[in-house]
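Architecture at a glance
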Amino acid sequence: MQPHIQITRVSKVYSSAERNVAALDDINLNIAPGEFICLLGPSGCGKSTLLNAVAGFSLPTSGSILVDTRPVQQPGPDRGMVFQEYALFPWMTVEKNIAFGLEIKNAPRAQIKEKVDALLRMLNLYDFRERYPKDLSGGMRQRVAIARVLALDSPIMLMDEPFGALDSLTRRNLQDELLRIWMEFKKTIIFVTHSIEESIYLADRIVVMTYRPGKIKKDVSVVIPRPRDPSSAEFNDLKKELALLVMEEQDRHLRDEIKEPSAD
């Protein structure tokens, strides 16, 4: 099967007058259509840098990223992005935020209304369609952000710690909502997280990354059947395995900070 996303020998170096910082080094990763991938690792391992490169926001210094065999050179409608900070327009209602991308594409008004109404109902937002983002909880704002991406029908969803700022109950509810959406729409998802439990709960595969420069430390297939029980022995055995991998990189990060206290 042809990979939906093909990442080949990708490296990223940030240059300044003071020094060069290698954020990514020789990343190779193939992602199949409809696959749910989590990028896992400590702060500074390049998870978001890699996601932004796939999105086309920041091109790699070397290597290539292909989507459906086409090189990624800029953002595109085939890749929808969901950020941790929601990125909603505060002056627009919930309904208008979701419709925005379709209006930019000059979709027919009847089609916009039909699609937006369906998404409002699917994500339990219909009764809040005339509210503004400031009137919503964090979980509801994130539902709006997800609905806005779904409205564009992008086959790929890129998610940068979208539930990181939410309380644990809201976070679990949105994880379940995301899994339901993924199973219904067969999206290809790359999901950045620093939560080991979240990655096991969601992903087909967990890509553990090293501390800077970010490399793939281990690519772990999650074979636990869904729905997954975080209290099960299988879940916790994998959690321990991943915790060891991540803590090795966290310890390396701390050692580097001691050597270079002024480093980011």
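Predicted model only: the values in this text are computed from it and were never measured.

Let's talk about the layout of surface pockets
Taken as a whole, the largest pocket encloses approximately 390 Å³ of empty space. Lining the largest pocket are 22 residues, with Arg-79, Gly-80, Met-81, Val-149 and Leu-152 positioned closest to its centre. Of all the elements in the fold, those that place two or more residues in the lining of the largest pocket are β6 (79-82), α2 (94-104) and α4 (138-151). Top contributing element to the lining of the largest pocket by residue count: β6, with four residues. Residue composition of the lining of the largest pocket, by class: 15 nonpolar, four polar and three charged.

Some details on the side chain of Thr-188
Structurally, the position occupied by Thr-188 is in strand β8 (residues 188-193). Here the side chain of Thr-188 touches His-4 through a polar contact of 2.7 Å, side chain to side chain. The contacts of Thr-188, once residues within four sequence positions are left out, are His-4, Ile-5, Ile-31, Ala-32, Pro-33, Gly-34, Glu-35, Pro-155, Ile-156 and Met-157.

Some thoughts on the sheet that holds strand β1 (residues 5-15)
Sheet architecture is open: four strands sit in the order β2-β1-β4-β5, paired in antiparallel fashion. Each edge of the sheet is formed by a strand with only one pairing partner; in this case those strands are β2 (20-31) and β5 (70-71). Alignment of strand β4 (residues 62-67) against β5, held across two bridges, turns out to be antiparallel. Each residue of the ladder has a partner; that of Val-67, found in β5, is Arg-70. The sheet contacts of helix α1 (residues 47-55) involve β1, β2 and β4, and relative to β1 the element is tilted by about 115°.

Criteria and cut-off values
- Residues numbered from 1 in each chain as written.
- Predicted model: local features only at pLDDT ≥ 70, side-chain atom pairs only at ≥ 80, totals over all residues.
- Heavy atoms only, no water.
- 1 Å grid on protein atoms, 1.4 Å probe; cavity = no way out; pocket = protein on both sides within 12 Å on 5 of 7 lines; lining within 4 Å.
- Points joined across faces, edges and corners; volume = space filled by probe spheres on them.
- Helix = DSSP H or I, 4+ residues; strand = E, 2+ residues; numbered from the N terminus.
- Nonpolar A, V, L, I, M, F, W, Y, C, P; charged D, E, K, R; others polar.
- Polar contact = N/O pair within 3.5 Å; in protein donor to acceptor, adjacent residues only side chain to side chain.
- Contact = heavy atoms within 4.5 Å.
- Pairing = 2+ DSSP bridges.
- Axes fitted to C-alpha atoms, helices over the stretch in contact; angles between N-to-C directions.

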